[in-house]
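Structural overview
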Amino acid sequence: MIQLHGTPGGRLVGATEEERLVRQGLRLITPERPGYGASDPRPGRTVVDDADDVVAVMDACQVDRAVVIGGSGGGPHALAMGAAAPDRVLAVGVLVGATPSLLPDEVELLVGVNRQVHEHRTDPAALRQLLGPVREAILRDGLASVVPDAAEADREKIIARAAESERAVRSALDRGVEGMVDDYVALWGKPWGFELSSVAAPVVWAHGLQDHFVPHAAAARTAAHLPDCRFVTWSDAGHIPSPELVGEFRVAVLGAALAGAGLPPR
């Protein structure tokens, strides 16, 4: 299973789940996008450009085909794999994934920092100025400090998981803000570089109804353009689902992969 991290994020995002993944018999590979952690920046990249890097990682790990999942900002990059490298993808999972566009009323639903990012989505220089203090606050006080207006359920989870995620966050943001800047421009500031209709693999998209990082309505509208997509709504969840829901999501994606390959679930 290839897991593509959110924005911000990095290669260590799955490290805290090692025990659970071993029990589930899953091999998880978590590539790091350019500009995060140990990965060199790639200015001007589009969402679909990341597919080349993911395929190279799969080749290096001697993985022919895999399930590809992406959370939040990683969701579109998982879809890009389904479009650009369909022969390498068994199924795609999008977990509270970002969308290419937002309607005005959806922008108003965003947490404050995402609303500001969306306003400057086409201006890398303005984003650097905005995200520099955000990065410093995250490293100093944790993610909860920059999203005081998130849904209460999300804030509780962010605070509860702060200690276990600190190493991953520090690693991801150690290099600076370029990863975040390039991610946001690629996600919201220009075309993704592929058509949603070209995603050939089966897709499972799960989204929380109370999400104020990526509004549920925008996600449902985007998912409707995918040829083979099962859209799952979690009525009591926001942007950060519980481990139980994440496990449920992974089972659904693996089921879609088996069905797509013509194999019965075991």
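Refer to the structure presented above.
Observations concerning helix α7 (residues 152–160)
- Along α7, the positions that sit buried rather than exposed are Asp154, Arg155 and Ile158. Buried residues along α7 cover an arc of 100 degrees about the axis, so they all sit on one side. In α7, the exposed positions that point more than 90 degrees away from the buried face belong to Glu152 and Ala160.
- Tucked into the core, α7 has its buried residues touching α8 (162–173).

Describing the side chain of Arg135
- In this fold, Arg135 is placed in helix α6 (residues 124–141).
- Of the side chains bearing the opposite charge, Glu136 lies closest to the buried Arg135, which forms no salt bridge; the N-O distance is 5.4 Å.
- If we ignore the near neighbours within four places in the chain, the residues touching Arg135 are Leu173, Asp174, Gly176, Val177 and Met180.

Thoughts on the sheet that holds strand β3 (residues 89–95)
- Reading across from one edge, β1-β2-β3-β4-β5 is the order of the five strands in this open sheet, with parallel pairing throughout. Two strands in the sheet have a free side with no partner beyond their single neighbour: β1 (2–4) and β5 (229–234). Averaged over all pairs of adjacent strands, the angle between strand axes in this sheet comes to 15 degrees, irrespective of strand direction.
- Across three bridges, β1 lies against strand β2 (residues 66–71) in parallel orientation. Bridge pairing in β2 places Leu4 opposite Gly70.

Basis of the calculations
- Residues numbered from 1 in each chain as written.
- Predicted model: local features only at pLDDT ≥ 70, side-chain atom pairs only at ≥ 80, totals over all residues.
- Heavy atoms only, no water.
- Buried < 20%, exposed > 50% of the residue type's maximum accessible area, 1.4 Å probe, protein only.
- Helix = DSSP H or I, 4+ residues; strand = E, 2+ residues; numbered from the N terminus.
- Arc of directions from axis to C-beta.
- Contact = heavy atoms within 4.5 Å.
- Lys, Arg positive; Asp, Glu negative; His and termini not counted.
- Salt bridge = Lys/Arg side-chain N within 4 Å of Asp/Glu carboxyl O.
- Pairing = 2+ DSSP bridges.
- Axes fitted to C-alpha atoms, helices over the stretch in contact; angles between N-to-C directions.

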